[in-house]
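# Analysis of the macromolecular model
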Amino acid sequence: MRLQRDFTLLSFNVRGLSDLSKRKILCRDLNAYGATIGCFQETKVKGGLDEIHNEYRIILLPSESRHYGQGFGIHKTFWNSIHKYYRVNDRICVLQLRQKTLTNTDRIISIINVYAPQSGRLKKNMDELDSFYHMLSKTYTSIKTSFLILIAGDWNAKAGKGRGEEVFMGRHGRGIRNAPGEMLVNFCSIFKLLLCNTVFPHAARHKTTWTGTRRNKNGEYVNIYNQIDYIICRQEEKHRLLDARSYGGALTLSDHKAIVARLRLKRIFGSPLSKENESNRIRYSVEKLITSDVTKEKYSQAIIENLNNRNGKRPKQKLGYIRKTYSQSCNGNHWTTAFRTTQTQD
């Protein structure tokens, strides 16, 4: 499939998708947020399923436990791009898309969907989190040759606010970093990754991703708002990000918010400045018109000769002909260079 201009990734802990009506509502949310790909956690559909609702294909992968489960929602514009998808375990799965550049070269987009252990489980068995990151590291390494890698999901970790010169996150994180958060940022630091939804300045309600309750000193229940869901990309791909934030108001019932990251795919696939096209683009070294009297004279003579050969051109055709004349007059004067070359070729 040919390249798409924009790419929108959504991550959402849906807290169960066993009900058909809820899956249909989820597709309405995907459409409302303009999602290209959706990553779902806690689908709780043990046997998995694959079905289509309007513009989205919903793929829920099987799980060993009915409390877990993950899946993807894929917009119809990418149905033909599906390369493969597979389950690593109950907490990690992968979707790969194949896109073609303008030069007909295949590029792979890999999306890792994660659901990290909850903090309550870690009090009993911290080794579970170590096993999670060990398997995630192996999964990431196995697909690291992909042209674009995105990791999205419910990390059950608070990375908090960025500290000093930390390059794995922006300045707009929220909360105080906890122990699982330390493991998350360590993973990002090792593999040079970036927490996308900490990069852009947004209101607090568009940073928090989960709402819960706890008792205060007076025994009253109060709401708590944490940022524990993240979408991650490689640091070198930060310039492709257009925005990343959380969205409230989803019709799908959950105590989590949807996290949405928007990227400009055309900068990757088939861009005029992509590596495949750089060598084919021509830059005219106009500075030689100033520094070389010989080149200046040759160029002037070429323009005059080409204009004199316009025999019988109609008035409407003259302007286009004149434009072509200026560029064609450069040919054969030995002052063109490849676009990516900074020095002129003599």
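Summarised in this report is the structure supplied together with it. The residue count restarts for each chain, going from 1 along the sequence in the order it is written. Under the rules for a predicted model, residues below a pLDDT of 70 receive no local features and side-chain atom pairs below 80 are neither given nor counted, while totals for whole chains, interfaces and linings still include all residues. Side-chain numbers come from the whole structure's heavy atoms, not from hydrogens or water.

## Remarks on the pairing of strand β12 (residues 221-226)
- The pairing of strand β11 (residues 210-215) with β12 spans six bridges and is classified as antiparallel. In the strand pairing of β12, W210 is matched with N226.
- Here, a strand pair is defined by DSSP locating no fewer than two bridges between the strands. Numbering of helices and strands runs from the N terminus; a helix is a DSSP stretch of H or I covering at least four residues, while a strand is a stretch of E covering at least two. Once β11 ends, the chain turns through five residues before running back antiparallel as β12, passing G219 with a positive phi of about 80°.

## A word on the sheet that holds strand β3 (residues 49-53)
- On the basis of which strands lie adjacent, the open sheet formed by seven strands has the order β3-β4-β5-β2-β1-β15-β14 and mixed pairing. Each having just a single partner strand, β3 and β14 (241-247) make up the two edges of the open sheet. Within the sheet, the average angular offset between the axes of one strand and its neighbour, ignoring direction, is 15°.
- Where β3 meets strand β4 (residues 56-61), five bridges bridge the pair, whose relative direction is antiparallel. Bridging from a neighbouring strand, D50 pairs with I59 of β4.
- By definition in these notes, contact holds between two residues if any of their heavy atoms fall within 4.5 Å. Fitted lines through C-alpha atoms serve as axes, helices being fitted only where they are in contact, and the angles separating the N-to-C directions of these axes extend from 0 to 180 degrees. Where helix α1 (residues 20-32) meets the sheet, it contacts β1 (6-13), β2 (37-41), β3, β4 and β5 (70-75), and its direction lies at approximately 55° from that of β3.

## Considerations on the packing of aromatic side chains
- Between the rings of Phe, Tyr and Trp (Trp by its six-membered ring), a pair exists once the centres lie within 6.5 Å; its type follows the angle of the planes, with under 30 degrees stacked, over 60 edge-to-face, and the other angles tilted. For the structure on display, the rule yields 10 aromatic pairs.
- Seen in terms of ring centroids, Y68 and Y115 are 5.9 Å apart; in terms of plane orientation they differ by 65°. Their pairing is edge-to-face. Taken as a pair, Y68 in the loop between β4 and β5 and Y115 in strand β8 (residues 106-115) lie far apart in primary sequence, 47 residues in all.
- For Y68, a relative accessible area of 14% puts it in the buried group.
- For Y115, a relative accessible area of 3% corresponds to the buried category.
- On the numbers, 5.8 Å between centres and 50° between planes, the contact of Y133 with F187 is tilted. Note that Y133 is positioned in helix α3 (residues 127-142) and F187 in helix α4 (residues 179-190), a separation of 54 residues in sequence. A single burial state applies to Y133 and to F187, both of which are buried.
- In this structure an aromatic cluster arises from ring pairing among F132, Y133, Y140, W155, F187 and F191.
- Across the ring face of Y68, the terminal group of R91 is positioned such that the distance to the ring centre comes to 4.4 Å.
- Charge-over-ring placement is defined geometrically: NZ (Lys) or CZ (Arg) within 6 Å of the ring centre, and within 35 degrees of the ring normal. Taking NZ or CZ as reference, R245 lies 3.8 Å from the ring centre of Y247, over its face. Buried residues are those whose accessible area, probed at 1.4 Å on protein chains only, stays under 20% of the maximum for their type, while exposed residues exceed 50% and partly exposed ones sit between those limits.

## Here we look at the nonpolar core
- Core analysis: the largest hydrophobic core is formed by 30 residues, its most contacted members being F7, L9 and I111.
- Residues contacting I111, with those up to four places away along its chain left out, are F7, L9, I37, C39, F72, C93, V94, L95 and L150.
- Counting residues in hydrophobic clusters, the runner-up holds 27 residues, among them V94, L122, M169 and V185. For the purposes of this section, nonpolar cores are sets of buried Ala, Val, Leu, Ile, Met, Phe, Trp, Tyr and Cys residues that join through side-chain atoms within 4.5 Å.

## As for the sheet that holds strand β9 (residues 148-154)
- Here we have six strands laid out as an open sheet, ordered β6-β7-β8-β9-β13-β10, and mixed in their pairing. Strand pairing shows two members of the sheet lacking a second neighbour, β6 (82-89) and β10 (193-195), which therefore form its edges. Mean inter-strand twist for the sheet, computed between neighbouring axes without regard to direction, equals 20°.
- Pairing of β8 with β9, which is carried by seven bridges, proceeds in the parallel orientation. Of the residues in β9, the one forming a bridge with Y115 is D154.
- Most of the contacts of α3 go to β8, to which it runs at about 175°, and overall it touches β6, β7 (92-100), β8, β9, β10 and β13 (229-234).
- Its contacts with the sheet place α4 against β9, β10 and β13, and it is angled at close to 140° to β10.

## Concerning unusual backbone geometry
- Not every positive phi belongs to a glycine, and E42 is a case in point at roughly 55°.
- With respect to the secondary-structure elements, E42 resides in the loop between β2 and β3.
- Overall, E42 belongs to the buried group, its relative accessible area being 6%.
- Positive phi, close to 55°, is recorded for N54, a residue that is not glycine.
- Position of N54 relative to the elements: it lies in the loop between β3 and β4.

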